[in-house]
Amino acid sequence: MKEYMTLFLKRLTNLLEYVIALLLAAGILIMTVRLILTFGNLSDFNKYPNYDDLLTTCFNLAIGIEMVRMLYFHSPQTMYEVLLFAIARQIIIDHSSPINSLIGVVSIAILFATRKFLFVTFDESDKILFRASQKVRSVNRLLHLNLPYEENETLRDILLKKLREEDTYPGVGACIYFPDCALRIAKITDGKITRIEVIRSIH
């Protein structure tokens, strides 16, 4: 039951993020259309959009687009791009003082250094822990996977069978791979596999 509740809450929060991203994207689309329709006013500094308005709106739209990507992709790269656009907007649009501009430039330099030296390339994955006695049929249905199985086989059954085929010792951390996911032994109690982690790519 705990696994089902965890999965339900995970999918619910993902759904809410997608709804927020969709609303934000719709707002950006409406603002873009409005900007296009009033583009003829660009030469008149007393009407919207004049040059400053155009610059500000375009930066805001770009930041909004990056936020949509951040909500959808959940990667450090999208967070980096949102921060980069936000700081660049502050430097270019807000001409408050040379000190603030210098701080903004230093912040961008720190962001570039962080990206170069601290970002680690890794596969983003979805990891869910199941009892080893869980039926493969249920896991396939729950996670929309295609794990090969025979009638009434459990995760433990197919994992041990695959490990025997690969001549691999069934210890904690042992992992087998399928086209759309992997199974990893997460816990062994009294010599028996009791927990198995299902790992699937979210790309």
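Residues numbered from 1 in each chain as written. Predicted model: local features only at pLDDT ≥ 70, side-chain atom pairs only at ≥ 80, totals over all residues. Heavy atoms only, no water.

## Regarding the overall build of the chain
Across its full length, the chain carries six helices and four strands. For the chain, the α and β elements follow one another from N to C terminus as α-α-α-α-β-α-α-β-β-β. Of all 203 residues assigned to the chain, the portion counted as buried reaches 31%. Put simply, 49% of the contacts in the chain that link residues at least 6 apart link residues at least 24 apart. Carbon and sulfur atoms make up 64% of the accessible area of the chain, which totals about 13,500 Å². (Helix = DSSP H or I, 4+ residues; strand = E, 2+ residues; numbered from the N terminus. Buried < 20%, exposed > 50% of the residue type's maximum accessible area, 1.4 Å probe, protein only. Contact = heavy atoms within 4.5 Å. Areas by Shrake-Rupley, 256 points an atom, 1.4 Å probe, with all protein chains shown as cover.)

## Side note on helix α5 (residues 136-143)
Across the eight residues of α5, six count as buried, placing the element largely inside the fold. Along α5, the positions that sit buried rather than exposed are Val-136, Ser-138, Val-139, Asn-140, Leu-142 and Leu-143. Of the residues one or two after α5, His-144 is the one with positive phi, at around 60 degrees.

## Topic: the nonpolar core
In terms of nonpolar packing, the biggest core is built from 23 residues, with Leu-143, Leu-147, Leu-155 and Leu-183 touching the most fellow members. Those elements that place two or more of their residues in this core are β1 (125-131), α5, α6 (155-165), β3 (182-189) and β4 (192-201). Excluding anything up to four places from it in sequence, Leu-143 contacts Leu-7, Arg-11, Ile-128, Phe-130, Val-198 and Arg-200. Counting residues in each nonpolar core, the second largest holds seven residues, with Ala-21, Leu-54, Leu-61 and Val-68 among its members. (Core = buried A, V, L, I, M, F, W, Y, C linked by side-chain atoms within 4.5 Å.)

## With respect to the pairing of β3
Looking at chain direction, strand β2 (residues 175-177) and β3 are connected through three bridges and run antiparallel. When the bridges of β3 are listed, Cys-175 appears paired with Arg-184. Connecting the antiparallel pair β2 and β3 is a turn made up of four residues. (Pairing = 2+ DSSP bridges.)

## Focus on the confidence of the model for the chain
In this model, the chain carries an average pLDDT of 82, and 89% of its residues clear a pLDDT of 70 or more. Within the chain, β1 has the poorest average pLDDT of any element, 79, and α6 the best, 91. (pLDDT = per-residue confidence, 0-100.)

## Some thoughts on helix α3 (residues 76-93)
Over its 18 residues, α3 runs 26 Å from end to end, which matches the ideal 26 Å to within 8%, given 1.5 Å per residue. Every buried residue belonging to α3 is among Thr-78, Tyr-80, Glu-81, Val-82, Leu-84 and Ala-88, and all of these are buried. (Expected span 1.5 Å × (residues − 1).)

## Some points on the packing of α3 against helix α4 (residues 98-117)
The interhelical angle for the contact between α3 and α4, taken along N-to-C directions, is 165 degrees, at an axis separation of 9 Å. The angle between α3 and α4 falls in the class roughly antiparallel. For α3 against α4, the interelement crossing comes out left-handed. Note on element contacts: α4 touches α3 through Ser-101, Gly-104, Val-105, Ser-107, Ile-108, Leu-111, Phe-112 and Arg-115, opposite Gln-77, Tyr-80, Leu-83, Leu-84, Ile-87, Ala-88 and Ile-91. Considering only residue class, the contact of α3 with α4 consists of ten nonpolar, four polar and one charged. (Axes fitted to C-alpha atoms, helices over the stretch in contact; angles between N-to-C directions. Parallel < 35°, antiparallel > 145°, perpendicular 65-115°, else oblique. Left-handed = near helix turned anticlockwise from the far one by under 90°. Nonpolar A, V, L, I, M, F, W, Y, C, P; charged D, E, K, R; others polar.)

## Quick word on the side chain of Glu-81
Among the secondary structure elements, Glu-81 is positioned in helix α3. Here Glu-81 is in contact with Glu-66 and Arg-69, once residues within four sequence places are set aside.

## Some words on unusual backbone geometry
Look at His-144: it is not a glycine, yet its phi comes out positive at around 60 degrees. Residue class for His-144 comes out exposed when judged on its relative accessible area of 62%. Backbone geometry at Asn-152 places phi at a positive 65 degrees, although glycine is not the residue there. Turning to its location among the elements, Asn-152 is positioned in the loop between α5 and α6.

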